[in-house]
Amino acid sequence: MIAQRTYTRGVGAPVQSPARRPRLGPTTRARILAAAADLFARDGFDATTVRAIGLGAGVTDAAIYYHFRSKAALLDALLVEPDVAPLLPSVGRFDAAAFTDYVITVFVCWSERPALVHLLMAQGVETSPLAGEFIHSLRDSYRRLLVPALAPWFAIPELIADALSLQVTGALLGALLAHPESFQQVIRRPAFRRRLRTLVDLTMTGAASLRAGESSASA
Amino acid sequence: MPLMKAVPRRGDDTRGSILRAALDLFGDRGYECTTVRNIAERCGLTDAALYYYVPTQQEILETLISDQWRLPPGMIGDQVAATRNLPPRERMLALLDAALDELAATGAALRFMRRCVVAGSLEARSHRRRQWRAWEQFASGFFDDALTSGQRRLLVDSLFTFIQGLSFSAWMEHGARASVVLRSQRFRDRVHDLVLIAVPVAAFFNAERPSA
């Protein structure tokens, strides 16, 4: 127990043989990632030094480089999409309400890591060279998650997935600009989720009316 | 210390081009990462010549803030009258196109403002709020018939959220080319398809609700 405490405090943290101690707290790797997400969100990617991340996580620079090749590799590791595949609705017929739930679930998985969402938004506002990659990876990950669920029911699932991700992106950017200091708290509030749900509901209404149009045209 | 020296007539153009260059650079890389030399290079001046027109970088910033963060121009207002008799769907597409034209024209200023907001500028924040409210009021005018105020608010809110997400994605994806992309027909066609899904305007108007 006591050994664990000194370990998490980090001053002169023993770097070797973590396997021998019982894993009570988060792993070194997880702590580095958490510290990096917070600092990137607060200070931006460029202004954050590896040393600052080390201080935040309570580890040495060397420990960081042991786990991650570079600062960019740290960012890549943060951008891993949440695993929501098990939550995919497996309904016999398309159910708009269930799908709305699904989209909200996808979003909530992101918003559980508000520092990361903040980083994505702020970096995008700054249009750094990283930004283009961010938006592509974000759009791809939304498409990967949403298109398979939409494809059996809609002729143009990519378009609907893109419309949904634009609405979510717009709502997040709006929250960042309206509450730049408290963004990370705001996106976790029920009020923000309700707003998101309304927007997703509307989009699904639009998708459904499109489908009605399609079927009446083919009939 | 105000610069009281009489500036030659054609100097107005130089000053204007300095301000435009500064706006582009501030929008692209931020105020802190832009040097006076960067601005001078972009408009083909020496540092010294630039200081003749604009004494400090701070003054460039202040001028940009007062000039560029303006409310939507009245010009767009005419389009309300022009589309009054169109069906809601066409009216919404006209409003979207007007907003995209505006974004293409003033994108650098908007990006600059967003940067300042995120960096914690209260002035930028209150300006953004005013601008947002003005747009909201303006857009509501497009749909002031046959809708309750609640429906109108929802319609305008979802449309603006869409435009916000769209402009964000376009700048991230296309960077400096975004204003060209925003104006291109191909982009507009796709955006029209997207907005009719994201903002199902027909569903707001009972008469046009799909019969299915």
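For every chain, the first residue of the written sequence is number 1, and numbering continues from 1 along that sequence. Chains carry letters from A onward and ligands carry numbers from 1 onward, assigned in written order. The model is predicted, so local features are restricted to residues of pLDDT at least 70 and side-chain atom pairs to those at 80 or more, both for listing and for counting; the totals for chains, interfaces and linings are taken over all residues. Processing note: side-chain calculations cover all non-hydrogen atoms of the structure and skip hydrogens and water entirely.

Would you mind going over the interface of chain A and chain B with me for this structure?
It is common to give the size of an interface as the accessible area that goes away when the parts come together. Listed as interface residues are 41 residues of chain A and, on the opposing side, 33 residues of chain B. On the chain A side of the contact with chain B, Leu166, Leu177 and Leu202 of chain A bury the most area, a combined 20% of that side's loss. One speaks of a salt bridge when a side-chain nitrogen belonging to Lys or Arg is within 4 Å of a carboxyl oxygen belonging to Asp or Glu. Counting across the chain A and chain B interface gives three salt bridges. Residue Arg195 of chain A is joined to Asp157 of chain B by a salt bridge in which the shortest nitrogen-to-oxygen separation is 2.5 Å. Polar contacts here mean pairs of N or O atoms no more than 3.5 Å apart (in protein, one a potential hydrogen donor and the other a potential acceptor; neighbouring residues in sequence count only if both atoms are side-chain atoms). Our count for the chain A to chain B interface comes out at seven residue pairs in polar contact (both at pLDDT 80 or more). A run of H or I in DSSP counts as a helix once it spans at least four residues, and a run of E counts as a strand once it spans at least two, with each numbered from the N terminus. At the level of secondary structure, the elements contributing two or more residues to the side of chain A that touches chain B comprise helix 7 (114-125), helix 8 (129-150), helix 9 (157-178) and helix 11 (190-218) of chain A. Counting residues per element, the side of chain A that touches chain B draws most heavily on helix 9 of chain A, which supplies 14 residues. When its residues are assigned to classes, the side of chain A that touches chain B shows 22 nonpolar, 13 polar and six charged. Only heavy atoms enter the contact rule, under which two residues are in contact if any of them lie within 4.5 Å. Summed over both partners, buried area is the accessible surface (1.4 Å probe) that two parts give up on being assembled. Under this grouping Gly is polar, as are all residues other than the nonpolar Ala, Val, Leu, Ile, Met, Phe, Trp, Tyr, Cys and Pro and the charged Asp, Glu, Lys and Arg.

Which parts of the structure should I look at to understand the confidence of the model for chain A?
Should the pLDDT be low somewhere, the predicted coordinates at that spot are not to be read in detail. All names here are of chain A. The quantity called pLDDT is the predictor's confidence in a given residue, expressed from 0 to 100. Of the residues in chain A, 74% have a pLDDT of 70 or more, and the chain-wide mean is 76. Helix 1 (residues 2-9) is the least confidently modelled element of chain A, averaging 40 in pLDDT, while helix 3 (residues 50-57) averages 92, the highest of any element. The low-confidence segment residues 1-14 (pLDDT under 50) makes 17 contacts with residues lying over four places distant or belonging to another chain.

Is there a simple way to think about the packing of aromatic side chains in this case?
All names here are of chain B. In this analysis, rings of Phe, Tyr and Trp, with Trp reduced to its six-membered ring, are considered paired at centre separations within 6.5 Å, and the interplanar angle assigns stacked below 30 degrees, edge-to-face beyond 60, and tilted for intermediate values. Under the definition given, this model contains four aromatic pairs over all chains. On the numbers, 5.1 Å between centres and 80° between planes, the contact of Tyr52 with Tyr53 is edge-to-face. Of the residues examined, Tyr53 reaches a relative accessible area of 16% and is grouped as buried. Note on Trp132 and Phe160: the rings are 5.4 Å apart at their centroids and 75° apart in plane angle, and the pair reads as edge-to-face. Taken together, the positions of Trp132 in helix 7 (residues 122-140) and Phe160 in helix 8 (residues 149-174) put the pair 28 residues apart, joining distant regions of the chain. Assessed through its relative accessible area of 7%, Phe160 is described here as buried. Aromatic ring contacts, followed pair by pair, group Trp132, Trp135, Phe138 and Phe160 into a single cluster. Relative accessibility under 20% of the residue-type maximum defines a buried residue, over 50% an exposed one, and the middle range a partly exposed one, all with a 1.4 Å probe and only protein chains included.

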